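Residues per chain, in single letters:
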Amino acid sequence: MSLDFSAVATQFVAHYYSTFDTDRKNLAGLYRENSMLTFEGSQSLGAQAIAEKLTSLPFQKVKHEYGPPDAQPTANGGIVILVTGQLIVDDEQRPLGFSQAFQLTQDASGQWFVFNDIFKLVLL
């Protein structure tokens, strides 16, 4: 059975940003102990450290707006995903550009999880 990596990427991205925008602490289940997040140059290793980083970000409300993700299969059966878009934090009037890359892989039970996550604001 061939993997429809584009469909997996689209579903993952919709779930990720919907969860991020409503309750960031619920993102912890998408990571494992060997997952790594690089957020604006700051690295966090492991699901707990990543959840702590994401929930400690200095804003209360956030809304992500993004286009269709670009995705490719990886050599190990995973998926690499690139997302670009804008986010609005709290009641700020000017959206901030962002770029985020994910590498998804499957655990022993076949569940997809985020192995790598790199987030960068695009400030011009």
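Not measured: the values here are computed from a predicted model. (Residues numbered from 1 in each chain as written. Predicted model: local features only at pLDDT ≥ 70, side-chain atom pairs only at ≥ 80, totals over all residues. Heavy atoms only, no water.)

Points about the packing of aromatic side chains
Heads up, the condition is: In this analysis, rings of Phe, Tyr and Trp, with Trp reduced to its six-membered ring, are considered paired at centre separations within 6.5 Å, and the interplanar angle assigns stacked below 30 degrees, edge-to-face beyond 60, and tilted for intermediate values. Strands are runs of DSSP state E lasting at least 2 residues, helices are runs of H or I lasting at least 4, and numbering of each runs from the N terminus. Each residue is assigned to one of three classes by its accessible area relative to the maximum for its type, calculated with a 1.4 Å probe on protein chains only: buried under 20%, partly exposed between the two thresholds, exposed over 50%.
Overall, the coordinates contain 10 aromatic pairs when judged by the stated rule. Relative to F20, the ring of Y16 has its centre 6.0 Å away and its plane inclined at 40°; by these criteria the two rings are tilted. In this pair, Y16 and F20 are both assigned in helix α1 (residues 5-22), 4 residues apart and thus about one turn of the helix distant. Note on accessibility: Y16 and F20 belong to one class, buried. Centre to centre, the rings of Y17 and F102 are 6.4 Å apart; their planes meet at 65°, and the pair counts as edge-to-face.

What to know about the pairing of strand β5 (residues 79-89)
This is how it is decided: Two strands qualify as a pair provided that DSSP identifies no fewer than 2 bridges between them.
Only one face of β5 is covered, namely the one carrying I79, I81, V83, G85, L87 and V89; the face carrying V80, L82, T84, Q86 and I88 has none of its residues buried. For strand β3 (residues 62-66) and β5, the ladder comprises 5 bridges, and the chain directions are antiparallel. Bridge pairing in β5 places Y66 opposite G85. The pairing of strand β4 (residues 70-73) with β5 spans 4 bridges and is antiparallel. Across the sheet, the residue bridging to A71 is I81, located in β5. Connecting the antiparallel pair β4 and β5 is a turn made up of 5 residues, with G77 showing a positive phi of about 85°. Two strands pair when backbone bridges link them, and β5 and strand β6 (residues 96-106) are joined in this way by 9 bridges, in the antiparallel orientation.

A short note on helix α2 (residues 47-55)
The condition that has to hold: Directions drawn from the helix axis to the C-beta atoms are what define this arc. Here a residue-residue contact requires only that any non-hydrogen atoms of the pair lie within 4.5 Å.
Those residues of α2 that fall on the buried side of the exposure criterion are A47, I50, A51 and L54. Seen end-on, α2 carries its buried residues on one side only, within an arc spanning 100°. On its buried face, α2 is in contact with α1, β1 (31-39) and β2 (42-45).

Here we look at the side chain of Q100
Formally: Here a polar contact is taken to be a pair of N or O atoms separated by no more than 3.5 Å, where protein atoms must pair a possible hydrogen donor with a possible acceptor and residues adjacent in sequence count only if both atoms sit in side chains.
Turning to its location among the elements, Q100 is positioned in strand β6. Judged by relative accessible area, which is 3%, Q100 ranks as buried. Within the structure, the side chain of Q100 is placed 3.5 Å from the side chain of Y16, a separation counted as a polar contact. A polar contact is formed between the side chain of Q100 and the side chain of D117, at a distance of 2.8 Å. Once residues lying within four places of it in the same chain are set aside, the contact partners of Q100 are Y16, Y17, I81, L82, V83, D117, I118 and F119.

A closer look at the pattern of salt bridges
Keep this limit in mind: Salt bridge, as used here, is a side-chain nitrogen of Lys or Arg placed within 4 Å of a carboxyl oxygen of Asp or Glu.
Applying the stated criterion to the full structure yields 3 salt bridges. For D23, the salt bridge is made with K25, and the minimal N-O distance between the two is 2.8 Å. Looking at D23, the relative accessible area reads 27%, which means it is partly exposed. K25 sits in the exposed class, given a relative accessible area of 52%.

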